[in-house]
Amino acid sequence: MKTNQLLFITVILMIITTSISYAQENANENYVSIEKRLDAEILKMREQAVEHEEKQKEKLKNKIEEINKLLDKNEISNGEANTQKKEAAENAAQGIIAYQQLMDSKIDYMRARNVVEKSGQWVELNPIDYEVKIFNEHNRNYKKYQRTHSGLVLGLGYNYMNGDNLDIDDFSYKNNNFLQLGLQFSTRLNKDKGLFRVKYGLDMILHSTELNGNRAVTIGGSNTNIEPIGFDVKKAQFTQLQFVAPFHLVIGGSNRKDYEDGRVRFDYYDNWEFGLGGFAGFNVSSTLNYKFKQDGRTVRQETTNAFDTNPFVYGLDAYVSKGSISLFGRMNLNDVFKSGSVDAQYVSFGIRFQ
């Protein structure tokens, strides 16, 4: 493969790696933000305890003033006034202590269970779900139904060219490789149920095909052919790099989870699903690598973008999966080459992690 193609793939891998690191950092930030929200709620409770204590002191002050007025009017004796003042002070102190103990017990429970009290109910804070609604009923990040999820896709498999005068025996099994790397989005069609959904995104596809029997991709004028090349070759590898946009209609099970604060989430992990759809995109580059012996020396020869290939690609794709692992099969409907000299379409199948 040419150096610029290797550089291109390296950049793509670096971008994806950076995205993963960024997502992990965001996850840590979201986890910290939940702790901060819990600390903020506890601080509010501490402030409420201080306010309650001040109110009790103010009530005690007013009560003592009332007792002094009665004493000044000679409506009660000095002994009775002192007794009432003592009782009022004890009641105020007991109220302050009881309220403080209540706050302390609630705070201990909140820290132990990672919950907050809202509308008379305890609401669990989930550090995995980053759209937690705690203080603001109109929080923009809060969604009762989260319909769209996203993630990375990695597909590995085998591919060959199918067409007239071509069959699977014409290709090298060990060196025919299919690679898929991309970003995928999944959206439920019904907000209340998770059975039907669509998946879509953007993929980088790498088709790598090696022919057997000293056959290779050759150029004759404006026509590209797959035919014997007249000498022994150790390797004749044809590689195409493509960008495609996949789209699938998906049927599969899901587990619904309802939270006390009204959130509804769907978990698709460890469920079976079936997807049927297609893809469309364009071809980025086409490269042919020869490896053969000449005068006792090993010769490597590379030719890039010198073939009569179709710039646009499209086809069908289907898969069945359980959890994050799926088995897929796909077929390109476009001809690999423009000319009518050779009839060839890619057929690919393998395993996909999504």
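Summary of the structure given here.

### Looking at a positive patch on the surface
No. 1: Together, Lys-174, Lys-234, Lys-235, Lys-293 and Arg-300 give the surface a local cluster of positive charge.
No. 2: Tracing the chain through its elements places Lys-234 in the loop between β7 (223-228) and β8 (235-252).
No. 3: The exposure class assigned to Lys-234 is exposed, which follows from its relative accessible area of 61%.

### Overview of the packing of aromatic side chains
No. 1: Summed over the entire model, instances satisfying the criterion amount to eight aromatic pairs.
No. 2: For the pair Tyr-158 and Tyr-160, a centre-to-centre distance of 6.3 Å together with 35 degrees between the ring planes defines the contact as tilted.
No. 3: With relative accessibility at 11%, the residue Tyr-158 sits in the buried group.
No. 4: On the accessibility criterion, Tyr-160 (13% relative accessible area) is buried.
No. 5: Ring geometry for Phe-178 versus Phe-328: centroids 5.4 Å apart, planes at 50 degrees, classification tilted. Of this pair, Phe-178 sits in strand β4 (residues 177-188) while Phe-328 sits in strand β14 (residues 325-332), and the two are 150 residues apart along the sequence. Assigned by exposure class, Phe-178 and Phe-328 land together as buried.

### Here's the deal with the nonpolar core
Side chains of a nonpolar character, in soluble globular proteins, are inclined to be buried together.
No. 1: Counting residues in each nonpolar core, the largest one holds 24 residues, and the members touching the most others are Met-161, Val-217, Ile-226, Phe-238, Tyr-290, Val-336 and Phe-337.
No. 2: Going through the elements one at a time, β3 (148-162), β6 (215-220), β8, β11 (272-294) and β15 (345-353) are the ones with two or more residues in this core.

### Observations concerning the side chain of Arg-197
No. 1: Looking at where Arg-197 falls in the secondary structure, it is placed in strand β5 (residues 196-210).
No. 2: Residue classification places Arg-197 among the buried positions, given a relative accessible area of 1%.
No. 3: Among the polar contacts listed, one links the side chain of Arg-197 to the backbone oxygen of Gly-252, at a separation of 3.4 Å.
No. 4: A polar contact is formed between the side chain of Arg-197 and the side chain of Glu-273, at a distance of 2.6 Å.
No. 5: In this structure Arg-197 touches Ser-186, Thr-187, Arg-188, Leu-189, His-248, Leu-249, Val-250, Gly-252, Gly-253, Tyr-268 and Glu-273, once residues within four positions along its chain are discounted.

### Focus on a nonpolar patch on the surface
No. 1: On the surface, a cluster of nonpolar side chains totalling about 440 Å² of accessible area is made up of Leu-189, Leu-195, Phe-196, Leu-249 and Ile-251.
No. 2: By the secondary structure assignment, Leu-189 is in the loop between β4 and β5.

### Brief notes about helix α2 (residues 78-113)
No. 1: In this model α2 runs 53 Å from its N-terminal to its C-terminal C-alpha over 36 residues, within 8% of the 52 Å that 1.5 Å per residue would give.
No. 2: Of all the residues in α2, the buried ones are Ala-81, Ala-88, Ala-92, Ile-96, Met-103, Lys-106, Ile-107 and Met-110.
No. 3: Positive backbone phi, approximately 55 degrees, marks Asn-114, located one or two places after α2.

About the thresholds
Residues numbered from 1 in each chain as written. Predicted model: local features only at pLDDT ≥ 70, side-chain atom pairs only at ≥ 80, totals over all residues. Heavy atoms only, no water. Patch = residues over 30% accessible without salt bridge, like charges linked within 9 Å, V, L, I, M, F, W, Y side chains within 5 Å. Areas by Shrake-Rupley, 256 points an atom, 1.4 Å probe, with all protein chains shown as cover. Salt bridge = Lys/Arg side-chain N within 4 Å of Asp/Glu carboxyl O. Lys, Arg positive; Asp, Glu negative; His and termini not counted. Charge placed at Lys NZ, Arg CZ, Asp CG, Glu CD. Helix = DSSP H or I, 4+ residues; strand = E, 2+ residues; numbered from the N terminus. Buried < 20%, exposed > 50% of the residue type's maximum accessible area, 1.4 Å probe, protein only. Phe/Tyr/Trp six-rings, centres within 6.5 Å; stacked < 30°, edge-to-face > 60°. Core = buried A, V, L, I, M, F, W, Y, C linked by side-chain atoms within 4.5 Å. Polar contact = N/O pair within 3.5 Å; in protein donor to acceptor, adjacent residues only side chain to side chain. Contact = heavy atoms within 4.5 Å. Expected span 1.5 Å × (residues − 1).

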